[in-house]
Amino acid sequence: KNKTKNKTKNKTKNKHSKQNSTILCHSRSHLAVFMTSYLWQQTPPNNMAPDLSIDGQHDKRLDKPSLAAEEIDSPHHYPLRTPLGAVDDAFRRDGLSDTFFCSTPGKLHEPASYTNIDDGVLEVEVSKKLANLEERSSEIARFSETLSLDGHENKYAQKYHGDEDVTGSTASPTLTDLFGEMNASSDMNSTFVPESILVSSTPVANHDEERPHLVHKSDSTEIYRINDIGIKVLVGETSLEEQNKKLSHERNMANFLSSLSRRRKVIEKKDYDGRPALWFKWEEGVTLRSWLQKPEVELTSKVRVAMGIAKTLSEFHDGGVFYNNLSFDDIVLNTVEGVDIATFIDLSKSGFIDLRPKADKDYTDMLRRTDLKMMGHVFRAIFHGQHPSSQDYHNEEFIDKEILYDSETGDQHHHKRGKPSSPGDFLPSSHSCLPLYIHSLISSLVSPGSKSFIGYTNAKDVWLDLKYFSENPNSSIKKVQADQSIVNGRVVLSGDMMFYGRQVQLSMIQHFFESVIRNDACPQMSVISGCPGAGKSTSVNQIKSQFRDKNLLIIEGKFNKFSRPDSVLISALDALFANMIAESKTSDTSKSMRKRIHDAFGYENGLYESIPHLHVFLQGDTLSAHPSPMMGSKKANQVEFMLCRLIGAIASDEIPVVIYLDDLQWADQATLDLIGMLMLDPSIQYFGILGCYRDNEVDKRHPLFGQLEAIRLNGAPLRSIHVGPIERECVTSIISDALCFPPSLCLPLSTVVHRKTGGVILFVIRFLKTLNKEGSLVYCMTSRRWTWDLEKIKSKRVSKDVVVHTTLQMNSLPKLVQTGFMNAACLGSNFNASILGKTIKDEGFDVCSFLKIGKDGGYIEESESGSYSWTHDQIQQAAYNLIPPMQRESFHFQLGQRLLENSTNCDVKRDVLFFVVDNMNKGKDLKLDRGQMTQLARLNLQAGNKAISTSRFHSAAEYLQTGISLLSKDSWIQQYDLTIQLYDAALEAFYTAGQFSKFDAAVKQPLTHAMCFEDKLNSYHNLVRYLTASGKSEEALETCLFVLKKLGVEISPNANAESTLAEAISVKDMIRNSQIHDLLDLPKMKGFNKMAAITFLNTAVLCSYETNEIIFSIVICRTVKMSIQHGLCSTSAVAFSLYGALLTCPILADFEEAYKMGRLALRAIDILDAFMFKHQVFLFFYGSIALCKDPLQASVPKLLEGYKAGFALGDMESVTAYLQLYAGMAVWGCGDKLTRAGEIVRLHAKRMLQHKQVVSCKNILIHLQQATELIGLNEDVYSTFFNISEEEFFHQEMNCRGANSRKLILHTCRMYLAVMRGNMELAAREYESNGAEYQGGIRFIGTITRVFLAGLVGFFIARKQTSDVEKWIHVGVRSMDTMKSWTEDSSWNYEHKLFLLEAEYYFLKGDKHEHLASAKYKQSIAAAKKHKFKNDEGLAAQKAAVFHLHYNRKKEALTNFQHAKASYESWGAEGLVKEIEITIASLSQ
């Protein structure tokens, strides 16, 4: 194109993007060669072979046949390089030398400074418009960087060196402009578009303006520098041909490597001052030799430099090049963005590595190992601080050593030494301050690599190991000195290694603890599953230690198959309070906890005997209580109930609580039930349960699985965490940290260890210790590193069971040590030194020495309290397996005997009783003589009684059952005292543990064989309790009456109402002139039979309440009589309160005397030390007697106080009664907020069901269903709790034998709902279903409600019907009269009810009494409002509205309906509000 057109084109073109690739050419032929070469790259010829020469020596691989196209691994290695010869020939034909390179627009100073052209060069810019450029651009850049050609003056430069535009850029013609009318695309690959290839002329610097200066000179090389360019000239006696060949080789190697490799960047090869020279870009930085001269370089800096060198060598090897010349002068160090970079600048001795799959692996490995060994010597200089001038570190001398390779072993030898090198030969003496890890790394680089010295095979692993060292500042790999354990050749495996590879699990456990502290949900639960030895508990221990300082209270318990499970949680709680007493008895935390426990339990706590330290912890706020004879222990579920209450009191926002239970697969049912209770109790906040179990021992039939499923189904937050075997990488980390050894070098060993142990962390630890002990893993003092015999380890036969493996380990220990392990295993998961010493018969056994061996071997560990425990239950099992199976029974029995003989009676009672009995019981099937069997039976009796006293009921049952089995057939004759004691205690245990089938089988024995009636009393007492708990109240009452008759208190089962009245009158006569203080001054009751009689009378009260009200009243009167006639006891307080409640019945109706007896009962609690019966006294006083005089609302807090007292003692019957009274008062009585009452009742209904108190739950659900309907919720609570409908529940209860009180409550609730909804006909039917009961009974809130509702129904039905009018009027008038008598003593509670009944009565009377009725309605509304009975206020307004509607006064009716709506809204009865709104809307129309 002519110059004018070119100038016009220059003015219209913009600057090109800096992202375009640029190829600098010198002529049209250069461009053609580039195109041809690129097309060749896409389809390389089959006969081209790579140039693989090493230091000018012929490569033996060149003798192989030429590579076929399909054999070429990838263009990355060969096709990009193979056209070098063809390209060189093409350029030489053009009269040019071989310079061809690529740059990027915007960085033109780089290529310009590398050329030697005066006028400039042409640039061919390949723009991003090329199709598929993203796939091709990297290859084009790589190819253009690879080929470097000498530059000459370009004949096209002047033609296209046009004028610059206003921006300073020079216009670039397109390829079409350059080639004219030629159709470029027809001769090139279809991906090239001629219009997208631009040609431009760029001015370049002139290198002749400044002369190069000499910067380095040696015998063979001179290095010159001019600006950023270096010139390498070879000197010496070698020929010019040889020099050209060496420089060409170095240039080719530089171009062969990837641009990412840190190597000298060669520009061109051309003569300098008439000598062959290599022109290259000068690398900024310092040589390694200069860097080594720095004084006191920090270890971290040394590691960074070593990483840079290893990374560069890795890049070389990955790129298919081995360096073969790692010297201090040829490594240039620089820092880029905080990273140390090492550049290799001399490539003269480098060569190719065949990376193809079919390559000679031994040969390629040999080449790499040569570089690695050189790098090891360089590292030695770096880390040991040796000056590079030292002869030992002089690189050229090292390189000149001839290296021979053994083709069979692969070991390398130095010809000068004539023997294999040892890692110790390469370690200088001044290494005391260098980490063992680095020593191991260096020695592995310079070692030959054999069975005992593992060497590196690639540089990348070296870089990774250095990186691992630099990124783990707190790791054990930083150890400098070899401690005594290492000097002794002993591997130290810390406990922290048990949680390697558990990052995810640790994070989940930490989240659980944090959720408890935040109270995300109440309560929380997480379960951790995994195989034995997987590290479940270790993971928990790692996290829980982080929360010790955050006021998080962790209650820890561990189940063990060698120990009884029912003591775990109680022992854990006792230990908790013991620690709190020792640490902070007067702290604010302890004070606030005492207050919460006191609020939950009151002054009496039924857990003192079970948890002794709880009593000590609370001793400033507690009073002791002494139960009366034969009161018996609590049932097992009652203890669970109290434990639940205690834990709920401990947890708070101030002190969140986590219960951590390990090995739940061995938990007993009672503990699992307690877990369910705690998890489903929403009132407990800041609380969580964390459990671990073995998933290989828990299937769908296991009780734990069922409990967890129940918790999930009830919507509690339950998370599962699985801890499986660790990965091989984790085993590598464990070995690396334990041995202070680089991970890459540990990989062969970790692979074998992981395969043999299955990745079970405990097994990994034990296996490594075994290898160390057997000499397969040893520490070499010469090389100061660990070595191992990998082949020997591979061939070692190992059991897959860690227990078997550990047992084999223990078998190699001395016999006395094995004896110690066997005895300790029989003592359980925890033991102390003194007890262990008493079990050993060998006088040569030293307990202290044994414990030291156990701790050093990692078998046992010492706690802060001085006791010992096994490091894992698998270790305990392994120790137990040392005992031959056929000898275990005798071993246990003899151990228990020795422990008994070597202990005092005090020791037996206090410390060793359970150890003795548990071991001797395992030998009970041996051929024991009569004396041994009797002795063991007595020991079981002692253990059973102690277990009962500490609420370990299931254990007690087992002890006592075993004791009974040891009795002889004639024991009732020969061993009477022992036999009767065992049966009495066993019946107690069977009852409390809920083992009723065993109870049935055992109770007949003492009742048949006991010599006197007195010896049968305990059995009868437990029988009555058992019958009552089984729902056989009538049979229980019959048994009580039989026993009372035997004790001299006869009560006829056929007594009638007249008998009740006569009994009551006789009691009134006895106390008529007595004041309260006179009665309290009566003497204390004495005599076993009298005490037994009053106990059975108290029991008969509970039996008769549900079955026979007449007997119930007579029993109460007889109890009071006995207290007055024979003296007072703690049961007398209950008798006085019961008698006072009895006086509220309509048949007696002596309210003043009733109130007096109630006050007497309250005073008797303190005087008679009857705190154990406080809840029963409160139940009858505040649930009945107080309603005669005091405002009903005042009784509610006292009922809650009595409820807590009954809760504290586990008296579920009283707790249920309290809840019924509370629910009745909330709905029927004081008009408390319905929503709050409903929540409380629902909560306690759940608790009853959790505690398997089905009967109690049903009683409470009746009130909950009533409250739910009033609130307006569309829920059938019977379906929610029992999966049956309300009607089905009703019919079941009506057809149920007995349960009269529950039937009465059910009728009353249904009648109340009908009245509140205005459905009086339905209310009448409910009344007639059980009408005879509505006027009698003790005045509880239910009685008051029934009397009130009966009057409303009677007057309404009498007004609406024509038949039976007199009958219904009589019902109404009788209720009105009863209410009138009650109002005389307490207008607050009854006045508004009386006014409403009178209003309904006058309404019935007709028009003549209209004004009286209207006035009474107003009085009722006003009185209810004044006395804060919102429910009755709304009912009175509703009834008044109906009255006004009857007389067609719609305005007054509307006003009263609106008043009723407001009252119901305030009460929370949205269900009633919606119904009234419909009526109001209808009236408003």
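Residues numbered from 1 in each chain as written. Predicted model: local features only at pLDDT ≥ 70, side-chain atom pairs only at ≥ 80, totals over all residues. Heavy atoms only, no water.

### Regarding the overall build of the chain
Right, so step 1: Broken down by element type, the chain carries 62 helices and 26 strands.
Right, so step 2: Residues classed as buried in the chain amount to 58% of the 1485 residues present.
Right, so step 3: Of all intrachain contacts in the chain linking residues separated by at least 6 positions in sequence, the fraction that spans at least 24 positions is 73%.
Right, so step 4: Here the chain displays about 62,500 Å² of accessible surface, and carbon together with sulfur accounts for 50% of that area. (Helix = DSSP H or I, 4+ residues; strand = E, 2+ residues; numbered from the N terminus. Buried < 20%, exposed > 50% of the residue type's maximum accessible area, 1.4 Å probe, protein only. Contact = heavy atoms within 4.5 Å. Areas by Shrake-Rupley, 256 points an atom, 1.4 Å probe, with all protein chains shown as cover.)

### Description of the nonpolar core
Right, so step 1: Within the largest apolar cluster, 350 residues are counted, with the highest numbers of intra-cluster contacts made by Leu-288, Ile-309, Phe-379 and Leu-466.
Right, so step 2: Residue contributions to this core peak at 12 residues, all from helix H56 (residues 1341-1360).
Right, so step 3: In this structure, Leu-466 is in contact with Val-303, Ala-306, Met-307, Ala-310, Phe-379, Phe-383, Ile-438 and Leu-441, ignoring residues within four places of it in sequence.
Right, so step 4: In this structure, Val-527, Leu-576, Leu-678 and Met-679 belong to the second largest nonpolar core, which totals 59 residues. (Core = buried A, V, L, I, M, F, W, Y, C linked by side-chain atoms within 4.5 Å.)

### Some remarks on the sheet that holds strand E10 (residues 286-287)
Right, so step 1: Strand order in the open sheet formed by 3 strands is E10-E12-E13, and the pairing between neighbours is antiparallel. What marks the edges here is a single partner per strand, and that holds for E10 and strand E13 (339-344).
Right, so step 2: Contacting strand E12 (331-336) and E13, helix H9 (residues 299-318) crosses the sheet at an angle of about 45 degrees to E13. (Pairing = 2+ DSSP bridges. Axes fitted to C-alpha atoms, helices over the stretch in contact; angles between N-to-C directions.)

### Quick notes on a nonpolar patch on the surface
Right, so step 1: On the surface, a cluster of nonpolar side chains totalling about 240 Å² of accessible area is made up of Leu-1061, Ile-1065 and Ile-1147.
Right, so step 2: Mapped onto the elements, Ile-1147 comes out in the loop between helix H45 (1130-1142) and helix H46 (1151-1167).
Right, so step 3: Among the residues examined, Ile-1147 registers a relative accessible area of 51% and is labelled exposed. (Patch = residues over 30% accessible without salt bridge, like charges linked within 9 Å, V, L, I, M, F, W, Y side chains within 5 Å. Salt bridge = Lys/Arg side-chain N within 4 Å of Asp/Glu carboxyl O.)

### Things to note about unusual backbone geometry
Right, so step 1: Although it is not a glycine, Tyr-686 adopts a positive phi angle of roughly 50 degrees.
Right, so step 2: Secondary-structure assignment places Tyr-686 in the loop between helix H21 (669-679) and strand E20 (687-694).
Right, so step 3: On the accessibility criterion, Tyr-686 (19% relative accessible area) is buried.
Right, so step 4: Look at Asp-1169: it is not a glycine, yet its phi comes out positive at around 55 degrees.
Right, so step 5: Mapped onto the elements, Asp-1169 comes out in the loop between H46 and helix H47 (1174-1183).
Right, so step 6: By relative accessible area, which is 29% here, Asp-1169 ends up partly exposed.

### Here's the deal with the packing of aromatic side chains
Right, so step 1: By the definition in use, this model includes 43 aromatic pairs.
Right, so step 2: Ring geometry for Phe-914 and Tyr-959: centres 5.7 Å apart, planes at 20 degrees, overall stacked. Linking Phe-914 in helix H33 (residues 905-921) with Tyr-959 in helix H35 (residues 953-965), this pair joins segments that are 45 residues apart in sequence.
Right, so step 3: Here Tyr-959 falls in the buried class, since its relative accessible area comes to 0%. (Phe/Tyr/Trp six-rings, centres within 6.5 Å; stacked < 30°, edge-to-face > 60°.)

### Quick word on the packing of helix H55 (residues 1320-1329) against H56
Right, so step 1: Two elements in contact, H55 and H56, have axes whose closest approach is 10 Å; the angle formed by their N-to-C orientations is 120 degrees. With respect to H56, the element H55 is oriented oblique. Helix-helix and strand crossings are classified by hand; for H55 and H56 the assignment is left-handed. Side by side, H55 and H56 meet where Met-1320, Glu-1321, Ala-1323, Ala-1324 and Tyr-1327 of the first sit next to Ala-1350, Leu-1352, Val-1353, Phe-1356 and Ile-1357 of the second.
Right, so step 2: Partitioned by chemical class, the residues of the contact of H55 with H56 number 9 nonpolar, no polar and 1 charged. (Parallel < 35°, antiparallel > 145°, perpendicular 65-115°, else oblique. Left-handed = near helix turned anticlockwise from the far one by under 90°. Nonpolar A, V, L, I, M, F, W, Y, C, P; charged D, E, K, R; others polar.)

### Remarks on a positive patch on the surface
Right, so step 1: A cluster of basic residues, Arg-262, Lys-265, Lys-311 and Lys-460, forms a positive patch at the surface.
Right, so step 2: Structurally, Arg-262 can be placed in the loop between helix H7 (240-256) and strand E8 (266-272). (Lys, Arg positive; Asp, Glu negative; His and termini not counted. Charge placed at Lys NZ, Arg CZ, Asp CG, Glu CD.)

### Details of the side chain of Thr-343
Right, so step 1: Positionally, Thr-343 belongs in strand E13.
Right, so step 2: When residues no more than four places from it in sequence are discounted, the contact partners of Thr-343 are Arg-262, Arg-263, Arg-264, Glu-283, Asp-330, Ile-331 and Val-332.

### Some points on the pattern of salt bridges
Right, so step 1: Within this structure, the stated rule accounts for 51 salt bridges.
Right, so step 2: Between Asp-365 and Lys-361 there is a salt bridge, with the nearest N and O atoms lying 2.8 Å from each other. Taken together, the residues Asp-365 and Lys-361, both in helix H10 (residues 361-384) and 4 residues apart, mark about one turn of the helix.
Right, so step 3: Using a relative accessible area of 14% as the deciding quantity, one classes Asp-365 as buried.
Right, so step 4: Relative accessible area serves as the criterion here: at 55%, Lys-361 is assigned to the exposed category.
Right, so step 5: Of the charged contacts, one joins Asp-970 and Arg-930 as a salt bridge, the two residues approaching to 3.3 Å between their closest N and O atoms. One end of the pair, Asp-970, is in the loop between H35 and helix H36 (971-974); the other, Arg-930, is in helix H34 (residues 930-949), with 40 residues separating them in the sequence.
Right, so step 6: Residue classification places Asp-970 among the partly exposed residues on the basis of a relative accessible area of 31%.
Right, so step 7: A relative accessible area of 44% places Arg-930 in the partly exposed class.

### Quick word on helix H40 (residues 1033-1046)
Right, so step 1: Here H40 contains 14 residues, and its C-alpha end-to-end distance of 20 Å stays within 8% of the 20 Å for a straight helix at 1.5 Å per residue.
Right, so step 2: Among the residues making up H40, those that are buried are Ser-1033, Ala-1036, Leu-1037, Thr-1039, Cys-1040, Leu-1041, Val-1043 and Leu-1044.
Right, so step 3: Its buried side turned inward, H40 meets helix H39 (1017-1029), helix H43 (1088-1107) and helix H44 (1109-1126). (Expected span 1.5 Å × (residues − 1).)

### A closer look at the sheet that holds strand E26 (residues 868-870)
Sheet strands associate in pairs through backbone hydrogen bonding, adopting either a parallel or an antiparallel arrangement.
Right, so step 1: Pairing is antiparallel in the open sheet, where 3 strands are placed in the order E24-E26-E25. Two strands in the sheet have a free side with no partner beyond their single neighbour: strand E24 (830-831) and strand E25 (860-862).
Right, so step 2: In this sheet, E26 lies alongside E24 in antiparallel orientation, the contact comprising 2 bridges. The residue bridging Asn-830 from the neighbouring strand is Ser-869, located in E26.

### Considerations on the environment of Ser-248
Right, so step 1: Following the sequence through the fold, Ser-248 ends up in helix H7.
Right, so step 2: The spacing of Ser-248 and Leu-278 is 30 residues in sequence and 8.3 Å in space, taken between C-alpha atoms.

### Things to note about the state of the cysteines
Right, so step 1: What the rule picks out here adds up to 0 disulfides.
Right, so step 2: Here Cys-1117 is not cross-linked by a disulfide; its sulfur's nearest cysteine counterpart is in Cys-1145, at 9.9 Å. (Disulfide = S-S within 2.5 Å.)

### What about the pairing of strand E19 (residues 657-662)?
Right, so step 1: Buried residues dominate E19, accounting for 6 of its 6 residues.
Right, so step 2: What you see with E19 is no split at all: Val-657, Ile-659 and Leu-661 on one side and Val-658, Tyr-660 and Asp-662 on the other are buried throughout.
Right, so step 3: Where strand E18 (residues 553-558) and E19 come together, 6 bridges link them in parallel fashion. In the strand pairing of E19, Gly-557 is matched with Leu-661.
Right, so step 4: One ladder, built from 5 bridges, connects E19 with E20; its direction is parallel. Residue Leu-661 lies in a different strand from E20, and its bridge partner there is Gly-691.
Right, so step 5: After leaving E19, the chain enters H21 and then returns to the sheet as E20, a path that is right-handed. (Right-handed = clockwise from strand over helix to strand, strands pointing away.)

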